[in-house]
Amino acid sequence: MNLVLRKLLRDVPAALGLAIVVIVLLVAIVGPMIAPYPGDAVTSHLLRRLKPPSGAFPFGTDNLGRDIFSRVILGARGALEVSLVVVGIAMAIGVPLGLIAGYRGGWLSELIMRITDSVLAIPQLMLALALAQFLTPSLESAMLALSLTYWPFFTRSVYAETRRVAASLFVDALRGIGAGAPRIIVFHVLPNVISPVIVRATIGVGFTILVAALLGFLGMGATPPAPDWGLMIAESRGYLPTSWWFAMFPGLAIMLTVAGFNLLGDGLRDLVDPRLRRSR
Amino acid sequence: MLRFVLRRCGLAVPSLFGLLVVTFLMIRLVPSDPAAAMAGDAATPEQIALLRHKYGLDQPVWDQFVVYLGRIVRLDLGESAFTHRPVATDIAQRLPATLELIFASMFLSVGLGVPIGVLAALRHNEMPDFVLRVLSVLGVAVATFWFAIMLQLLFSMQLHWLPLRGQLADSVPRPVNITGFLLLDSLLGRRWDAFGDALAHLVLPAVTLAFGGLSGIARFTRAGVLDTLQNDFVFYERAMGFRRSRLIWRYVLRNSVTATVTQIGLLFGGLIAGGVVVEAIFDWPGIGSYTVQAILTGDRQVMLSVTLLVGVIYAVVNILTDLVHGLLDPRLLDRT
């Protein structure tokens, strides 16, 4: 683990990504303690609405007089919670299905992979939008819709890796000395297929933050007055072009966070699979 | 060649069928009663029962699925609860605007992405390469809807260079409808004023949509060119004194674009999905704003139809991508 970390830190973009991810995680954890106006998640101050950025309000204030800097900080927790839960559920569904389909073969494998391909037959965003709309619009529905459309990506990559590992000699040897299928899958196949899953999950967290922000923007995710980045951008649209800061800063927060996860994910992929190295 | 095409189309059938099952299950498995949702809050139980009977929701699941399949095959996509018109008609009317936007974005992202990628590969680890790397990180990380609003803010609201929204200014009369494609129609009708205005309206949405794809295309082209440059034939041709531009743009590029073509195929799907929100922000009268309208009004029939449509387009594009692969690298045709 130490070696992995040291190699990762030598890769400048990946180290930058790791730094961003750590900072965002910290901000998400201690946000209410470091935000200058932690109460501004909900309370409004109509006397100081739509103030431009200044010393007291570095990112300005919004249409209800709330400090945007505080709300951007407070929004980190929600964004991370949503994306970690979504990616977690998607992994919990996708990885076991991929393992079973890859190890067992036969009609069960065929069925699982057909379902996987069917879900992958439309862009995830489109399917998630349709699904979120069919459930009653709420943050929970949005998360469910995102999880239910993201698991096939895990199944696909785990399936391919498992097929490769299951055909290898050491698995034959394990079978020969009488190890049962569950034991082989959990203790011997899983550790060998987990690295692409970690890479996919890291990039998936960033991607999910983007899609969740979009759902919030369209009014299908977080509900006011939650300090949600997507929602803040949607609320800002009525106050343009004069209050440009209202729209600008939440978007920058999204971009920075997603870029952090992507850089980290790319760096991890380079470590795991040097064949795909992006910078030679 | 023909066998390859047929085989490839055959492969798409199961996943399209699966898509039908998934969308059908979506209607069935929704917790709420679809008939009650369609009837609205003020409906009496009799009205709901009537609707349920009208749409066959009181039949067994299997019968419903068969009826559903039959209607899809006849392109009967039901009626929009919002516009009260057949969904198929609405879609047909709005598809040209969406295709115009998507092709413009494709043109931008491929037309700029490939040269940028080649340039970055040739100037490997120098300034252009560095700029591309930063851009490609941002291109994937930026929220499209935010980028769209920022462009509107700068170019429409502050600088007043480009129109804010829509496909054509109200002051410009629409050209005679020939193909449904606004740019094409204004060209055919020799309406240069409409052509210029439509083009100005197209710029911001197309640039927004192209930004993410452009960086992907450029990155894959760069990687492909870097790989190809390692080959012996490049070394040989250089030694033979081939003109550098001819060598790069013809021989190296052709051997480098396999991954790029895959990216272009994927890009198409991304553009359709990303177009939804871009169209909504720019009030572009296409499928995307239709979808957002359906989301906001809870119009399920429209949501389902659009999802199916996107699935079909996606499948077709995937087949085309494989074909182009085959044309670029005939060895692939034999392998199947």
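Residues numbered from 1 in each chain as written. Chains lettered and ligands numbered in written order. Predicted model: local features only at pLDDT ≥ 70, side-chain atom pairs only at ≥ 80, totals over all residues. Heavy atoms only, no water.

**Comments concerning the overall build of chain B**
So, step 1. Secondary structure summary: chain B contains 15 helices and zero strands in total.
So, step 2. Its C-alpha atoms give chain B principal-axis dimensions of roughly 85 × 55 × 40 Å.
So, step 3. A burial count over chain B gives 45% of its 336 residues as buried.
So, step 4. Taking the intrachain contacts of chain B between residues at least 6 apart in sequence as the baseline, contacts between residues at least 24 apart amount to 70%.
So, step 5. With the model as given, the accessible surface of chain B reaches about 17,300 Å², and the carbon-plus-sulfur share is 66%.
So, step 6. Each charge sign in chain B was given a centre, from 27 positive and 24 negative side chains, and these centres are 9 Å apart. (Helix = DSSP H or I, 4+ residues; strand = E, 2+ residues; numbered from the N terminus. Buried < 20%, exposed > 50% of the residue type's maximum accessible area, 1.4 Å probe, protein only. Contact = heavy atoms within 4.5 Å. Areas by Shrake-Rupley, 256 points an atom, 1.4 Å probe, with all protein chains shown as cover. Lys, Arg positive; Asp, Glu negative; His and termini not counted. Charge placed at Lys NZ, Arg CZ, Asp CG, Glu CD.)

**Some words on the interface of chain A and chain B**
So, step 1. Of the residues lining the interface, 41 residues belong to chain A; the matching set on chain B comes to 52 residues.
So, step 2. A buried area of about 3,900 Å², summed over both sides, lies between chain A and chain B, and 77% of it is on carbon and sulfur atoms.
So, step 3. Seen at the junction of chain A and chain B, the total is three residue pairs in polar contact (both at pLDDT 80 or more).
So, step 4. Those elements that provide at least two residues to the side of chain A that touches chain B are helix H4 (106-120), helix H5 (124-134), helix H8 (181-217), helix H9 (229-236) and helix H10 (244-272) of chain A. (Buried area = accessible area lost by both parts, 1.4 Å probe. Polar contact = N/O pair within 3.5 Å; in protein donor to acceptor, adjacent residues only side chain to side chain.)

**Description of the domain arrangement of chain B**
So, step 1. Splitting chain B by domain gives domain 1 (9-73) and domain 2 (87-335).
So, step 2. Relative to domain 2 of chain B, the C-alpha centre of domain 1 of chain B lies at a distance of 35 Å. (Domains from an automatic or database assignment.)

**Some remarks on the nonpolar core**
Considering soluble globular proteins, one finds that nonpolar side chains tend to be buried as a cluster.
So, step 1. A:Leu129, A:Phe217, A:Trp229, A:Ile254 and B:Phe145 are the most contacted members of the largest nonpolar core, which totals 152 residues.
So, step 2. When residues of this core are assigned to their parent elements, the largest contribution, 18 residues, is made by H8(A).
So, step 3. Filtering out sequence-adjacent residues up to four positions away, B:Phe145 remains in contact with A:Ala213, A:Leu214, A:Phe217, A:Gly230, A:Ile233, A:Ile254, B:Val277 and B:Ile281. (Core = buried A, V, L, I, M, F, W, Y, C linked by side-chain atoms within 4.5 Å.)

**Points about the pattern of salt bridges**
All names here are of chain A.
So, step 1. Inspection of the entire model under this criterion finds 14 salt bridges over all chains.
So, step 2. A salt bridge links Glu-161 to Arg-164, with the nearest nitrogen and oxygen atoms 2.8 Å apart. Placement of the pair is Glu-161 and Arg-164 together in helix H6 (residues 139-166), with a separation of three residues, close to one helical turn.
So, step 3. Judged by relative accessible area, which is 23%, Glu-161 ranks as partly exposed.
So, step 4. Relative accessible area serves as the criterion here: at 52%, Arg-164 is assigned to the exposed category.
So, step 5. Among the charged side chains, a salt-bridge network with shared partners connects Asp-62, Arg-66, Arg-71 and Glu-235. (Salt bridge = Lys/Arg side-chain N within 4 Å of Asp/Glu carboxyl O.)

**Points about a nonpolar patch on the surface**
So, step 1. Nonpolar side chains collect at one region of the surface, where B:Val176, B:Ile178, B:Leu184, B:Leu187, B:Leu188 and B:Trp192 lie side by side and expose about 620 Å² of accessible area between them.
So, step 2. Given a relative accessible area of 51%, B:Ile178 falls into the exposed group. (Patch = residues over 30% accessible without salt bridge, like charges linked within 9 Å, V, L, I, M, F, W, Y side chains within 5 Å.)

**Observations regarding the packing of helix H5 (residues 87-122) of chain B against helix H14 (residues 300-328) of chain B**
All names here are of chain B.
So, step 1. Put simply, H5 and H14 touch, their axes get as near as 10 Å, and they point 55° apart. It follows that H5 is oblique to H14 by the angle criterion. In this structure, H5 crosses over H14, and the sense of that crossing is right-handed. Judged by residue contacts, Val-87, Ile-91 and Leu-95 of H5 engage Gln-301, Val-302, Ser-305 and Leu-309 from H14.
So, step 2. Of the residues belonging to the contact of H5 with H14, the class tally is five nonpolar, two polar and no charged. (Axes fitted to C-alpha atoms, helices over the stretch in contact; angles between N-to-C directions. Parallel < 35°, antiparallel > 145°, perpendicular 65-115°, else oblique. Left-handed = near helix turned anticlockwise from the far one by under 90°. Nonpolar A, V, L, I, M, F, W, Y, C, P; charged D, E, K, R; others polar.)

**Here we look at the environment of A:Ala179**
Residue and element names in this part refer to chain A.
So, step 1. Inspection of the secondary structure puts Ala-179 in the loop between helix H7 (169-176) and H8.
So, step 2. Here the alpha-carbon distance between Ala-179 and Phe-57, two residues 122 residues apart in the chain, equals 64 Å.
So, step 3. The contacts of Ala-179, once residues within four sequence positions are left out, are Leu-174 and Ile-184.

**Quick word on the packing of aromatic side chains**
So, step 1. Using the criterion set out here, one finds 13 aromatic pairs over all chains in the structure.
So, step 2. Aromatic pair B:Phe155 and B:Trp161: ring centres 5.9 Å apart, planes at 40°, arrangement tilted.
So, step 3. Note on B:Trp161: relative accessible area 60%, which makes it exposed.
So, step 4. A connected cluster of aromatic rings, assembled from ring pairs, spans A:Phe59, A:Phe69, A:Trp244, A:Trp245 and A:Phe249. (Phe/Tyr/Trp six-rings, centres within 6.5 Å; stacked < 30°, edge-to-face > 60°.)

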